[in-house]
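Here is how the chains run, residue by residue.
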Amino acid sequence: LSSGINAEYGIVLGIFMVAFGAFGAYSTISARPGFLNCFFFLILTFALIEIAAVVALIIKRQFVSDFVMSNFVGWFNNVNHDNATELEMLAVSTVQLTLQCCGMTEVDPSQCRQGTCYDSNVTDFEGEVAIDGTRFWTMSDRINKIPASCCGSRAKPTSAAYFCSRTDNPGIQRYPCYPLLLVWLKYTIWGVVGALGGLIVLNLGVMFSAKWLRNKEKEDEYLYTRYNNHDTSSSFTEKTREPADTGFNSTWL
């Protein structure tokens, strides 16, 4: 159901982008000032929204990271307590398979090195104790069972194969997912900031490129008209015309 809704949103967004691009192309080609002004102001509005989103995301990036992490932790806990929805179980499997990890034991990334996380509060005669991510899964009704994604296999949430043995699988993942998700979110947030920054530059580029093309078209029309009127006197090249208005107003074009 969720994937169907997301697909519908994607289709609607795609149609909107195509229609908006077609409107911009028609406005530029037809050279209608009213349409061009409308297109440019829409582009400017989108650019301002994107700038606001970038600033808000940079300032609130820790809040965004904490919010997303709390959702992930909640999904893992729901699966662990056997009250998760099918979508939450699928999300947990996707995280564990993608990041090659197991469980949501909360560990600071600074406690992890060379593929292992260590509990700095517990030591034995050999030094720091490695954290086993599989110990997060304490499902009382499934003794020694953990989600199959910890064992590197994908299974439907509703099937018995969704769980695998904690002890009989040599390829089991023991790295906790929590520190990996923290690092992934950090780079993802900055990636979104970069993508929005690129869209801002693109929007401004489209806006000023269309303005330049329109001014060039006006210049060509003026020269063509003067040429057809057979004005070849030297004064023709010396004539000055009012410079193009570069402000955003009703006479911009």
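Residues numbered from 1 in each chain as written. Predicted model: local features only at pLDDT ≥ 70, side-chain atom pairs only at ≥ 80, totals over all residues. Heavy atoms only, no water.

1. Topic: the pattern of salt bridges
All chains considered together, the criterion is met by one salt bridge. When the shortest N-O distance is used, the salt bridge between Asp132 and Arg174 registers 2.9 Å. Taken together, the residues Asp132 in the loop between strand S3 (127–130) and strand S4 (145–147) and Arg174 in the loop between strand S5 (163–165) and helix H5 (177–228) connect sequence positions 42 residues apart. Overall, Arg174 belongs to the partly exposed group, its relative accessible area being 38%. (Salt bridge = Lys/Arg side-chain N within 4 Å of Asp/Glu carboxyl O. Helix = DSSP H or I, 4+ residues; strand = E, 2+ residues; numbered from the N terminus. Buried < 20%, exposed > 50% of the residue type's maximum accessible area, 1.4 Å probe, protein only.)

2. Focus on helix H3 (residues 61–80)
Taking 1.5 Å of rise per residue, the 20 residues of H3 would be expected to cover 28 Å, and the 29 Å separating its terminal C-alpha atoms lies within 8% of that figure. Within the span of H3, buried status applies to Ser65, Met69, Phe72, Val73, Phe76, Val79 and Asn80. End-on view of H3: buried residues confined to an arc of 120 degrees, all on one side of the axis. In H3, those exposed residues whose orientation departs by more than 90 degrees from the buried face are Phe63 and Phe67. Just downstream of H3, Asp82 is the residue with a positive phi angle, here 60 degrees. (Expected span 1.5 Å × (residues − 1). Arc of directions from axis to C-beta.)

3. Examining the packing of H3 against helix H4 (residues 86–99)
It is at 9 Å that the axes of H3 and H4 come closest, and there the two elements cross at 110 degrees. Here H3 is positioned roughly perpendicular relative to H4, judged by the angle of their axes. Viewed along their axes, H3 and H4 form a crossing whose handedness is left-handed. Residues Phe72, Trp75, Phe76, Asn78 and Val79 of H3 pack against Glu88, Met89, Ala91, Val92, Val95 and Gln96 of H4. Residue composition of the contact of H3 with H4, grouped by class: eight nonpolar, two polar and one charged. (Axes fitted to C-alpha atoms, helices over the stretch in contact; angles between N-to-C directions. Parallel < 35°, antiparallel > 145°, perpendicular 65-115°, else oblique. Left-handed = near helix turned anticlockwise from the far one by under 90°. Contact = heavy atoms within 4.5 Å. Nonpolar A, V, L, I, M, F, W, Y, C, P; charged D, E, K, R; others polar.)

4. As for the confidence of the model for the protein chain
The predicted model of the protein chain has a mean per-residue pLDDT of 77, with 76% of residues at 70 or higher. Low pLDDT, under 50, characterises residues 1–5; the predicted model gives this stretch one contact beyond four residues in sequence or across chains. (pLDDT = per-residue confidence, 0-100.)

5. Observations concerning a nonpolar patch on the surface
Taken together, the side chains of Leu48, Ile51, Val55 and Ile59 make up a nonpolar region of the molecular surface, amounting to roughly 370 Å² of accessible area. Counting through the fold element by element, Ile59 comes out in helix H2 (residues 33–59). (Patch = residues over 30% accessible without salt bridge, like charges linked within 9 Å, V, L, I, M, F, W, Y side chains within 5 Å. Areas by Shrake-Rupley, 256 points an atom, 1.4 Å probe, with all protein chains shown as cover.)

6. What about the side chain of Glu88?
Take Glu88: it is sitting in helix H4. Residue classification places Glu88 among the buried positions, given a relative accessible area of 15%. One polar contact links the side chain of Glu88 to the main-chain amide nitrogen of Thr85, over a distance of 3.0 Å. Those residues in contact with Glu88, other than ones at most four positions away along the chain, are Trp75, Asn78 and Val79. (Polar contact = N/O pair within 3.5 Å; in protein donor to acceptor, adjacent residues only side chain to side chain.)

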